[in-house]
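Summary of structural features
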Amino acid sequence: MLADTSLLLRLYWTIDRRADKGTRRSSRLVMIVGLLILVALSWIVGSFAATLADGRFLFQVSAGILPGILFTAVLFGVVFVGFGQGLQALYLSDDLDKLWVAPIRPEAIMTAKLLSRLPSTVLLLFLGTIPALIAFGIGLDLGLLYYILGVLLILITPLFGISLGALIAIFLVRLLPARRLNEWVGAASIIIGVLLSLLLALPSFLGGNNQQVDPNVLATAEKFLNHLGDLPLPSMWVGRALVEFGRGQIAAAAFSALGTYLLITVGLFLVTIFVANRLFTAGWLRMQSAGTAVADIQEQPGVFGRHSLDFVLGFKDWLLRIRDPRLLATLFTSLILAGFVTFMLLRPQEDGSSLFALDLSVEGGVNFLSPGVFASGLIYLVGWMAFFNLALTSLSIERKAFYILKTAPLSASQLFRAKTLGVFIPYAVLATIGLVIMLVVLKLSLIWLPFGWMTLMIMGYGLFSFLVSLSFLYPNLDWEDPRRMRNRKAALPALLGAFGYSLITVFVAITTYFFALSEPGLAIPIVVMGLALLAGGTWFFVQWCTNRVEKAWPRIGAG
Amino acid sequence: MTYMIEVKGLRKEYGEFTAVDHITFNVKPGEIVGFLGPNGAGKTTTIKMVTGLLVPDEGHALVTGIDIQKEPLQAKAQFAYVPDTPNLYGKLKAIEYLHFMAQLYHVPAAEADERIEKLLDIFELTSKAGTYLDGFSHGMQQKVAIIGALLHNPQVILLDEPTVGLDPRSARLVKDLLAQHCADGNAVFFSSHILEIVENMCDRVIIINHGKIIADAPVSDLRHLKGDQSLEDIFLELTGGKDVDDMVKELGHAG
């Protein structure tokens, strides 16, 4: 069994190494910078934890608790990652059928599959946790034993995550199809990633310039952190033991905590390999013969075949996005970010001021940024954020099925128009609802509603036409992970172009508004002229985008 | 006479490598033409250029007399293409996909309903019509792709390895449907490695090797020319694979 496991592991590690060599220099540079940031963040967390433990911060937490919290967080992380990796490796890899028919013991397949992703997990864990442990140790002046044991514990922790994750995967696959589970894991990781980053960013956003911290909040935080130490988790015990060893307090309790942790980790791995492999084998074999839930022709085709082709093309994209949890998660991510920014912009400041009360009055008493104009601008900005990614991946969503559209009697401009409408229509609906709500909530005169609405519609159509055109110019039809669906080359032109177009159109809209208010007698002709200028300019802009798409069309998907 | 497919001096290079080197051939109405060649000979590249998926470096491809590069929409309305791997929209149900295809090719709704129902029934997929395509096996997806190709009753059907993944009944069904399609005055052009199917089905075979056409003749003529050899032997001889027998024998002796 060992020889087979070793052979398979060498194979997988060689494949991984070669795949890494194939990555472009720029991608590698980004990865290295990312890892360095991770190391720096980890160091900062460790240093901060040390200040918490030695009472240099506003409150004090028992030293033994902090490494325990780190180990517990790491454990939850590796279990989640291990679940995804276990599912992928044990049920969804391409070589499983070849391995099953080879004279190899299932235990060897399972061990090799589970350990195949170990080096990358260990590397990430190492860079993400060791600097924190070292900074914490230096801060508290802990002894050599703390560092040695800390490194050892971090080294074996992925084994725990992989084992538990694989066990969960093995059990869940008996209830749900592996592919469906994998989609939900992808979706969960996208949402969790965004929520975590927002959670980390929230205090600094909310705090603003206010240096005063509420003592009640501090007391609650102190109580909460100290209570965490009471949790009956081996990861908390081992954290405490680590600090005791570092302080030279080698007691029986510390030994037993370390022993329990090691025993659970190694034991779980062995149980997974030698006991759960039967469940794995049964599950995998069952998966090969499982049918799919079937539904017959009585099921209606919905809108397909019953509406215009433009509508159907856009609707098809929405169905694909809604039915694939990973794509749905990326959509939610954009909506969450848009909601977060809206909340940050709308929340009243501590001095009672609000962006809606900005007074940019010029001579004659005309306020450039009236609440109504500001509301329109805000909705445009939120719409931009909510649908930016969707627009930029409009063509990439076709993936390998793109040939269906390319060989159909469908022109590039028709597809481009349909894809643009697929993004614009949801934007238009949300923008209209948002505008009406804001005007009603802010109790503004509805006389400016038609102007605000038309401005939003024209600008939105121009913006999303441009972004969708970039999805044709920079498509990525060969993706597995929806997070990598967007072609990176599109990011800079998308930002520059969208900013440029928005600046010009916002200038036209605000100038129109200003002149209309300055000359109330001529307000209607001025507004009509302003809207005509906006619509005309946007029409030319959309035509330019269409021409670029038509030129690019022959080479799309030719790779 | 207007050819159903007319390829004139097509050439395609990938960097230093010439995948297709000035090839010329045509397909007449009512013909089933098999396109043969070893792996990497240029079959898929040729089919992709004929369907407009690839732009040729030189030459022209015409479908029913319409240049695919000059009038792509008119040309594309005349044919259907089924690739070797049916990459369909996994998150659409089979019935949704087929109605989507019908609409893409401007088939009136009532006609589409009727044809979809009939074809699903023929391919024994009626009971799975409301199932997501990502739950289908390769063979079932291939059947759905073929149904999608037949919906608008195209004058030309181009298929890349059409019977791979199909069970014997479905493979036979595809063969019969394609034969029937050609009997109505349409044309079928397909690549395959299964020489038995090509031999049984095709009026003519075109063999490509190293990007060049090395044979273009009816199967019977080829056999007559090569002393009544099987198509397999002719293929191996023309593409330099005839030494395969010797190699196998040598391997047997070595063992």
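Residues numbered from 1 in each chain as written. Chains lettered and ligands numbered in written order. Predicted model: local features only at pLDDT ≥ 70, side-chain atom pairs only at ≥ 80, totals over all residues. Heavy atoms only, no water.

Focus: the confidence of the model for chain B
For chain B, mean pLDDT is 88; residues scoring 70 or higher make up 94% of the total. For this predicted complex, the interface confidence reaches an ipTM of 0.88, while the overall pTM sits at 0.78. (pLDDT = per-residue confidence, 0-100.)

Details of the nonpolar core
Membership of the largest hydrophobic core comes to 167 residues, with the highest contact counts inside it found for B:Tyr97, B:Leu104 and B:Phe189. Ignoring sequence-local partners within four residues, the contact set of B:Tyr97 consists of A:Ile404, B:Leu88, B:Tyr89, B:Leu92, B:Leu133 and B:Val144. The next biggest cluster of nonpolar side chains, apart from the first, holds 73 residues, and it includes A:Ala63, A:Phe71, A:Met110 and A:Phe245. (Core = buried A, V, L, I, M, F, W, Y, C linked by side-chain atoms within 4.5 Å. Buried < 20%, exposed > 50% of the residue type's maximum accessible area, 1.4 Å probe, protein only. Contact = heavy atoms within 4.5 Å.)

Concerning the sheet that holds strand 6 (residues 79–82) of chain B
Residues and elements named next belong to chain B. The sheet built from 6 strands is open, its strands ordered 6-7-8-3-9-10 with mixed pairing. Each having just a single partner strand, strand 6 and strand 10 (212–218) make up the two edges of the open sheet. Shown here is a sheet whose adjacent strand axes are inclined to one another by a mean of 15°, direction ignored. Where strand 9 (residues 204–209) and strand 10 come together, 6 bridges link them in antiparallel fashion. Its bridge partner lying in strand 10, Asn209 is registered against Lys212. In the packing of helix 1 (residues 43–51) onto the sheet, the strands contacted are strand 3 (32–36), strand 6, strand 7 (156–160), strand 8 (187–191) and strand 9, and the crossing angle to strand 7 comes to about 150°. Those strands touched by helix 5 (residues 138–150) are strand 6 and strand 7, and its axis lies near 175° from that of strand 6. (Pairing = 2+ DSSP bridges. Helix = DSSP H or I, 4+ residues; strand = E, 2+ residues; numbered from the N terminus. Axes fitted to C-alpha atoms, helices over the stretch in contact; angles between N-to-C directions.)

Comments concerning helix 1 of chain B
Taking burial as the measure, the 9 residues of helix 1 of chain B include 7 buried ones, the bulk of the element. Immediately beyond the C-terminal end of helix 1 of chain B, within one or two residues, lies B:Gly52, with a positive phi of roughly 85°.

Focus on the pattern of salt bridges
With the rule as written, the count across this model stands at 22 salt bridges over all chains. Where B:Arg11 meets B:Glu58, a salt bridge forms, and the shortest distance between an N and an O atom there is 3.0 Å. Remark: B:Glu58 occurs in strand 4 (residues 58–63) and B:Arg11 occurs in strand 1 (residues 5–14); sequence separation between them is 47 residues. The exposure class assigned to B:Arg11 is buried, which follows from its relative accessible area of 14%. Residue B:Glu58 is classed as partly exposed on the basis of its relative accessible area of 35%. Among the salt bridges present, the one from B:Arg172 reaches B:Asp176, with a minimum N-O distance of 3.4 Å. One end of the pair, B:Arg172, and the other, B:Asp176, are both in helix 6 (residues 168–183), 4 residues apart, so they sit about a helical turn from each other. For B:Asp176, a relative accessible area of 40% translates into the label partly exposed. One connected set of salt bridges, linked through shared partners, spans A:Arg180, A:Glu183, B:Lys91 and B:Asp134. (Salt bridge = Lys/Arg side-chain N within 4 Å of Asp/Glu carboxyl O.)

What about the interface of chain A and chain B?
For an interface, size is often stated in terms of accessible area lost upon the parts coming together. Contact residues are listed per partner, giving 40 residues for chain A and 41 residues for chain B. Interface area for chain A against chain B, summed over the two sides, is near 3,700 Å², with a carbon-plus-sulfur share of 64%. A salt bridge links B:Asp134 to A:Arg180; the shortest N-O distance between them is 3.5 Å. Remark: the boundary between chain A and chain B carries 7 residue pairs in polar contact (both at pLDDT 80 or more). Listing elements by their share of the side of chain A that touches chain B, those giving two or more residues are helix 8 (178–207), helix 13 (309–323) and helix 16 (402–406) of chain A. If one sorts the elements of the side of chain A that touches chain B by residue count, helix 13 of chain A sits on top with 7 residues. The residue makeup of the side of chain A that touches chain B, split by class, is 21 nonpolar, 8 polar and 11 charged. (Buried area = accessible area lost by both parts, 1.4 Å probe. Polar contact = N/O pair within 3.5 Å; in protein donor to acceptor, adjacent residues only side chain to side chain. Nonpolar A, V, L, I, M, F, W, Y, C, P; charged D, E, K, R; others polar.)

Quick word on the side chain of A:Ser116
Residue and element names in this part refer to chain A. On the secondary structure map, Ser116 appears in the loop between helix 5 (106–115) and helix 6 (118–140). Among the residues examined, Ser116 registers a relative accessible area of 8% and is labelled buried. Once residues lying within four places of it in the same chain are set aside, the contact partners of Ser116 are Leu9, Tyr12, Trp13 and Asp16.

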